[in-house]
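Take a look at the letters that make up each chain.
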Amino acid sequence: MSEFPRHPASKLGFFTWLRHVKLSRLIILIFVVFICIFLIVHHLLSELTPVGESPAGHRSRSKLDHYGEDERLFTAPNLSDEIRKLSKVKASVNNELRDMESKRQMLQTQISKYQVELERFHNVKETLEREIKLTKLNLDQLKIQKEELDEKYVPILRAPQKILLGQEADIDITPPKMLSRCQMSSCFDYSRCSLLSGFPVFMYDLQQKRALPPLDQFINSSVLSALKKSPYLTNDPKEACVFIVLIGQLQDSNTFSTKDMNNFLHSLPHWHGDGHNHILINLMQNYKSTDLFANVKTDRAIIVQSAYLDTHFRNKFDIVVPPSLGKADGDVWEELPSVSPIRRKYFLSIWGQYKGIIAQNSAKIEGLEKTPQDFSENDLLSNIESAIVSSLKDIKKADSNEIFTQFSCDSVAPGAINGEWSLCSTDAQRKELLVQSTFSLIIAPSNISYKTSTIFQLRLYESLKYGAIPVILGDYAELPYSEVIDWKESALILPKARASEFYFILRTYTDNNIAAMRLKGRFVFENYFGTTLKIVETITAILRTRLSIPAAPVQDVPSVSVFNDSFVPLTLEGFEVNPETDETLGPVESPFPSMIFKENFTQFLSYQAWNKMGQAFQLFPYDAEEKVLPSEAKYFGSGFGFRPVGKGWGGAGKEFSEALGGNLAREQFTIVMLTYKREQVLIGALQRLKGLPFLNRVIVVWNNPVPPSPVMRWPEIGVPIKILKMEKNSLNNRFLPFSSIETEAILSIDDDAHLRHDEIVFGFRVWREERDRIVGFPGRYHAWDSQSKMWYYNANYSCELSMVLTGAAFFHKNYAYLYTHVMPQAIRDKVDEYVNCEDIAMNFLVSHITRKPPIKVTSRWTFRCPGCPETLSSDIEHFTERHKCINFFVKVFGYMPLLYTQYRVDSVLFKTRLPVDKQKCFKFI
């Protein structure tokens, strides 16, 4: 048998076998093989060490580096762990993807909502823009309508018709037959004095062609000087409302006749037959002054003098004036005694000698001297004088130590008419008696031919000047300026029939009554009697008031900026200041001025009631102090002046607090900040004002002689900042009435005072309810030292205060006018001398006017200025000077006007949110 190769045969046999094997068996065989391979691989992987693991110190390399040393690199267990880890990573990634998808869907939803809101706001914006355009159109239409209405009513303001029955002003007119019945309505030509005329006054210059004896030199010069200072003086007689003719006092009144006076008057260029609108002034300078117009035909001219015959005086037409015995102009406080002590050595005094009557009801009276013991019992008038003397003698017996009576004179002053009590001795001797008298008895002339006399006016003048309260027996006597002065506030006026009872009335007066009457008398003398300027101003004011013409405006102090129009100050950028408040305190609006006073043409209707509002307004009476009235007509739109203080358009209490801005819906205030060589401190103070509600503007009073550097950067605080360079370094500059101040409220603040916004706003809201007072933060008080007999300034903290320092205080702009134009110049000079005390002076002024203490509002205990240079208050002499200032101011005012108070307004409820039904229970919320 032959042998065949086995290898090929075996291959062929294997494939032949495969062809004959069933498919099912083949599948099972392959499955078994794969399972075996899987088990082997799994075993190998389980035996491998994980990558990176190092059981010993020499296992720092991975298994892949030692593949040749260990063949068990991959095993089934290690591969399973890796798969599980990767699965976990995959699950975590899937979870994050699901979260991100959820957030994406949420953001998509929010974006959709915002798009809807944005679309709604866009629609609202378009609606508001349309409304704004419509409002602007309506506003323009209203302005046009207002202009049309103004034009429509302009013809109503025509000049009044002439009262001279169609006669021209330059044609001579026959005088009326009943001159004694002349009144303003029947004898004055209103057509020359329109309400818009400004009350022009023309004064004759007749010195070159005067037919009468020459004038007294003092009277002539002082009256001319006073009229030149008047804002009403005009040089054009064609536009004049009134014509002033200065007749006397004559140097020699005995060298002319009645005919000479008549010829002189009718020869005046603008007399025109009846002298309408002419003012004939005869000022008294000595005791011999008489009624120059006793038998003169003055026609329709108004007469101004001190002595009048009863048959010649026309009530509410002619004007009774006091004698001009003082200075031409200036302060008179040095001539006046102190108001204190209230009760003086003599409770009552009278010193005079009676001049008996031998003729009555006669224009020309002659007589002889009689003593009271020589009275005739058949003469009724003499019996009245005798009864008065008898009553005085009885009073003298009862109170011999307190009553001074003397009915005879060693020397008699000339000028007394028959039937009145002559003046005794010299001016100095009478002064010595009056300054020691609480009351001074003045007996009106018994001669009924005279309405008032020279000696009577002299007695009244001296009593007021030296602080002896006048007690006038004879209520028929005409007193100076009686149509505008309420004499019952400064004098006791009784009929002579009360001669036996007046002393009982005087004894009922308390110290407060006496002090009030003496203060009022001092005020009347200073503002109506003291100088020729005051007399002339009062005459023109009375005439202007009769004609219902408002006063000329007071000129503000020009606000000349340090920077000219071509220079633009550099702006401090990129600063942020914390306003130090935690809630909205009010609106921040564009600056606007206070409401303009609308009643300047109707205020004359209420001037008498206004003048009687008490001590609060006595320093600037409507009819005498013309310089003050214009400021009220221009600025006083609310709460101060002609309606009760504290009552505004916003109400009070709950209504006040709910009004936007308080009494006025858009009321603001102006900050006046005085600085001197502290630029960095100033900039910091200005920065803190950013966003301050109700702030109109800031005025920086630059007292430094060197102007600010052009490279100095100023902060933007949302309102204008005006830097005003002063001509001299004076603390009085703090209270100048700048023209830039267009608000009623002024916040005077030092550049180193640090106040929170909520403190300032709260103080402003308090001021709106107390507009006539100083409302501020640092309080001080004065004290009397009984040992040294002096007043002292005290800065210690106390529950009692009498001053609020103007380094951080609100006050009305009117006080800036009074401080600058009305307050005695001596006080401002003392402030410049010491470079101190201007805040004390302002407190004296306001307390003197209002007779009220200031109001302190809550604040931090101290005002600190870290890093500030040396201040005035750090000097030891600072307080010594303030002691001296207080005592000097007391001398000028004549008394201590400061008043103590323990009242203080705290902001306990200022920022507390209360229910609406509870708000009515609180004043400040």
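See the structure printed just above.
Just so it is clear, the structure is predicted and the values come from calculations on it, not from any experiment.

A. Highlighting helix α16 (residues 679-687). The element α16 is largely enclosed, with a buried count of 7 among its 9 residues. Of the residues making up α16, those classed as buried are Val681, Leu682, Ile683, Gly684, Ala685, Leu686 and Gln687.

B. Quick peek at the sheet that holds strand β16 (residues 669-675). Sheet architecture is open: 8 strands sit in the order β19-β17-β16-β20-β25-β21-β26-β27, paired in mixed fashion. Strand pairing shows two members of the sheet lacking a second neighbour, β19 (721-725) and β27 (904-905), which therefore form its edges. When β16 meets strand β20 (residues 745-750), the two strands line up parallel, connected through 6 bridges. Looking at the pairing, Phe669 lines up with Ala745 of β20.

C. Local environment of empty space enclosed by the protein. Per the counting criterion, the structure on display carries 11 cavities of 30 Å³ or more. The space that makes up the largest cavity amounts to roughly 140 Å³. Considering the residues around the largest cavity, the lining is formed by 13 residues, among which Trp351, Arg430, Leu434, Ser440 and Arg459 are closest to the centre. Those elements that provide at least two residues to the lining of the largest cavity are β7 (346-351), α8 (427-434), β11 (437-443) and α9 (454-465). Taken together, the residues of the lining of the largest cavity sort by class into 7 nonpolar, 3 polar and 3 charged.

D. Focus on the state of the cysteines. Taken as a whole, this structure holds 4 disulfides when the rule is applied. Each disulfide pairs two cysteine sulfurs, and for Cys193 the partner residue is Cys241, the sulfurs being separated by 1.7 Å. When the S-S torsion is 95°, as for the bridge of Cys193 with Cys241, the disulfide is right-handed. One end of the pair, Cys193, is in the loop between α4 (184-187) and β1 (201-203); the other, Cys241, is in the loop between α5 (217-228) and β2 (242-248), with 48 residues separating them in the sequence. For Cys193, a relative accessible area of 4% corresponds to the buried category. The disulfide partner of Cys837 is Cys885, and the S-S distance across this bridge is 2.0 Å. Between Cys837 and Cys885 the sulfur-sulfur dihedral comes to about 85°; the bridge is accordingly right-handed. Of this pair, Cys837 sits in the loop between α19 (825-834) and α20 (838-850) while Cys885 sits in helix α21 (residues 876-893), and the two are 48 residues apart along the sequence. The class of Cys837 is buried, set by a relative accessible area of 0%.

E. Quick look at a nonpolar patch on the surface. Among the surface-exposed residues, Leu23, Leu26, Ile27, Leu29, Ile30, Val33, Phe34, Ile37 and Val41 lie close enough to one another that they form a single nonpolar patch of about 810 Å² accessible area. On the secondary structure map, Leu29 appears in helix α2 (residues 23-47).

F. Main features of the sheet that holds strand β13 (residues 469-473). Sheet architecture is open: 5 strands sit in the order β9-β7-β11-β13-β14, paired in parallel fashion. Where the open sheet ends on each side, the last strands, each with one partner, are β9 (403-406) and β14 (492-494). Taking the axes of each pair of neighbouring strands and ignoring which way they run, one obtains an average angle of 20° across the sheet. Pairing of β7 with β9, which is carried by 4 bridges, proceeds in the parallel orientation. Paired with Trp351 across the strands is Gln406, a residue of β9.

G. Spotlight on the environment of Glu770. Inspection of the secondary structure assignment puts Glu770 in the loop between α17 (757-769) and β21 (775-776). Between the C-alpha atom of Glu770 and that of Pro854, which follows or precedes it by 84 residues, the distance is 9.4 Å. With sequence-adjacent residues up to four places away left out, Glu770 is seen in contact with Val775 and Ile855.

H. Quick look at unusual backbone geometry. For the bond running from Ser340 to Pro341, omega is 0°, close enough to zero to count as cis. Looking at the element boundaries, Pro341 is found in the loop between β6 (319-320) and β7. Of note, Tyr481 is a non-glycine position whose phi angle comes to about 50°, a positive value. Within the secondary structure, Tyr481 is located in the loop between β13 and β14. A relative accessible area of 2% means that Tyr481 is categorised as buried. For Phe694, which is not glycine, the phi dihedral falls at a positive 65°. Considering the arrangement of structural elements, one finds Phe694 in the loop between α16 and β17 (695-702).

I. Focus on the packing of helix α11 (residues 511-529) against helix α12 (residues 532-546). The N-to-C vectors of α11 and α12 enclose an angle of 80°; their axes lie 6 Å apart at closest approach. The angle between α11 and α12 places the two elements in the roughly perpendicular class. The residues of α12 that touch α11, namely those facing Glu526, Asn527, Tyr528 and Phe529, are Lys534, Ile535 and Thr538. Taken together, the residues of the contact of α11 with α12 break down into 3 nonpolar, 2 polar and 2 charged.

Rules and cut-offs
- Residues numbered from 1 in each chain as written.
- Predicted model: local features only at pLDDT ≥ 70, side-chain atom pairs only at ≥ 80, totals over all residues.
- Heavy atoms only, no water.
- Buried < 20%, exposed > 50% of the residue type's maximum accessible area, 1.4 Å probe, protein only.
- Helix = DSSP H or I, 4+ residues; strand = E, 2+ residues; numbered from the N terminus.
- Pairing = 2+ DSSP bridges.
- 1 Å grid on protein atoms, 1.4 Å probe; cavity = no way out; pocket = protein on both sides within 12 Å on 5 of 7 lines; lining within 4 Å.
- Points joined across faces, edges and corners; volume = space filled by probe spheres on them.
- Nonpolar A, V, L, I, M, F, W, Y, C, P; charged D, E, K, R; others polar.
- Disulfide = S-S within 2.5 Å.
- Patch = residues over 30% accessible without salt bridge, like charges linked within 9 Å, V, L, I, M, F, W, Y side chains within 5 Å.
- Areas by Shrake-Rupley, 256 points an atom, 1.4 Å probe, with all protein chains shown as cover.
- Salt bridge = Lys/Arg side-chain N within 4 Å of Asp/Glu carboxyl O.
- Axes fitted to C-alpha atoms, helices over the stretch in contact; angles between N-to-C directions.
- Contact = heavy atoms within 4.5 Å.
- Parallel < 35°, antiparallel > 145°, perpendicular 65-115°, else oblique.

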